Amino acid sequence: ALAYLPPLTVATDNPLTPPKIELGAQLFFDARVGERSCASCHQREHGWTAGKAPSDGELRVPSLHNVGYLGQLGSVGRHRTLESAIAAELEGHAGVSADDAAKRVAAIAGYDAAFRRVFGRAPDGRAVVQALASFCRTIRSGNAPFDRYEQGDKSAISPAAAEGWRLFTRIGCGACHTPPTFTDDAFHTAGIGGIEAKGRAAVTGNADDLGRFRTPPLRSVNRHAPFFHDGSAA
């Protein structure tokens, strides 16, 4: 656990273990698992995003910082679990189904033995997804100077930052960017991208959800440029 962050809620059928996390990390960075690696889009040096604006009509690659805290995944909330989101992303962006990824992995020296140690069986799609989800849940951002400030150390941040926090709460930014994860995990219309951007309506089919996108978390936000779901702010 990280100081100042709540305990993670982990799927009961996929408990976190160090060997599973390590296996997931290997898979995350290995381009042989699919047509490209997870890390090709979720780059550590860019705050686990792609570090660039998306192509026309696409959504920005979301950061994986504290992804384990989100109840609905993606900018428009297509998935309710990290496992289902990863399975979809494998097919959509790595170019393979989870089962096909497992077949690829099984043919790579060392992986079969690793899966048998961690899962007690040969690689399969479910195990690939669970290992990747376990690693992603460890990508956490906490224990910031602001956290120490909130705990009573008023010297932890600058006077300008303290004034910024006062304005942040006074103006109402914190109503959506709610501590400690700095997101309410909900969908709002911010007037970005225009009403033609379907947003949450692409999932719900509800016209009231047109242009609604998830409140992005602000943890490690200085590493997540470009900003907004469409990457329109450098």
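Everything numeric here is computed off the predicted structure, so don't read it as measured data. (Residues numbered from 1 in each chain as written. Predicted model: local features only at pLDDT ≥ 70, side-chain atom pairs only at ≥ 80, totals over all residues. Heavy atoms only, no water.)

## Description of the pattern of salt bridges
Within the structure shown, the criterion is met by 10 salt bridges. Here Glu35 makes a salt bridge to Arg104, at a shortest N to O gap of 2.5 Å. Here Arg104 lies in helix α3 (residues 98-106) and Glu35 lies in the loop between α1 (18-29) and α2 (82-93), a separation of 69 residues in the sequence. According to the relative accessible area criterion, Arg104 is partly exposed, its value standing at 31%. (Salt bridge = Lys/Arg side-chain N within 4 Å of Asp/Glu carboxyl O. Helix = DSSP H or I, 4+ residues; strand = E, 2+ residues; numbered from the N terminus. Buried < 20%, exposed > 50% of the residue type's maximum accessible area, 1.4 Å probe, protein only.)

## Observations regarding the environment of Glu22
Of note, Glu22 is situated in helix α1. On the accessibility criterion, Glu22 (54% relative accessible area) is exposed. Sequence-wise, Glu22 and Gly110 are 88 residues apart; in three dimensions their C-alpha atoms are separated by 13 Å.

## Let's talk about the environment of Ala85
With respect to the secondary-structure elements, Ala85 resides in helix α2. For Ala85 and Gly74, which are 11 residues apart along the polypeptide, the C-alpha to C-alpha distance reads 8.0 Å. Ignoring sequence-local partners within four residues, the contact set of Ala85 consists of Leu73 and His79. (Contact = heavy atoms within 4.5 Å.)

## Quick notes on the nonpolar core
In terms of nonpolar packing, the biggest core is built from 35 residues, with Leu23, Leu27, Phe28, Ile86, Leu90, Phe115 and Val128 touching the most fellow members. At the level of elements, α1, α2, α3, α4 (111-119) and α5 (125-136) are the ones that each hand at least two residues to this core. When residues in this core are grouped by element, the largest group, eight residues, is from α5. The contact partners of Leu90, leaving out residues within four places of it in the chain, are Gly95, Val96, Ala98, Val128, Val129 and Leu132. Formed by seven residues, the second largest nonpolar core is a distinct cluster that contains Tyr149, Ile157, Ala162 and Phe182. (Core = buried A, V, L, I, M, F, W, Y, C linked by side-chain atoms within 4.5 Å.)

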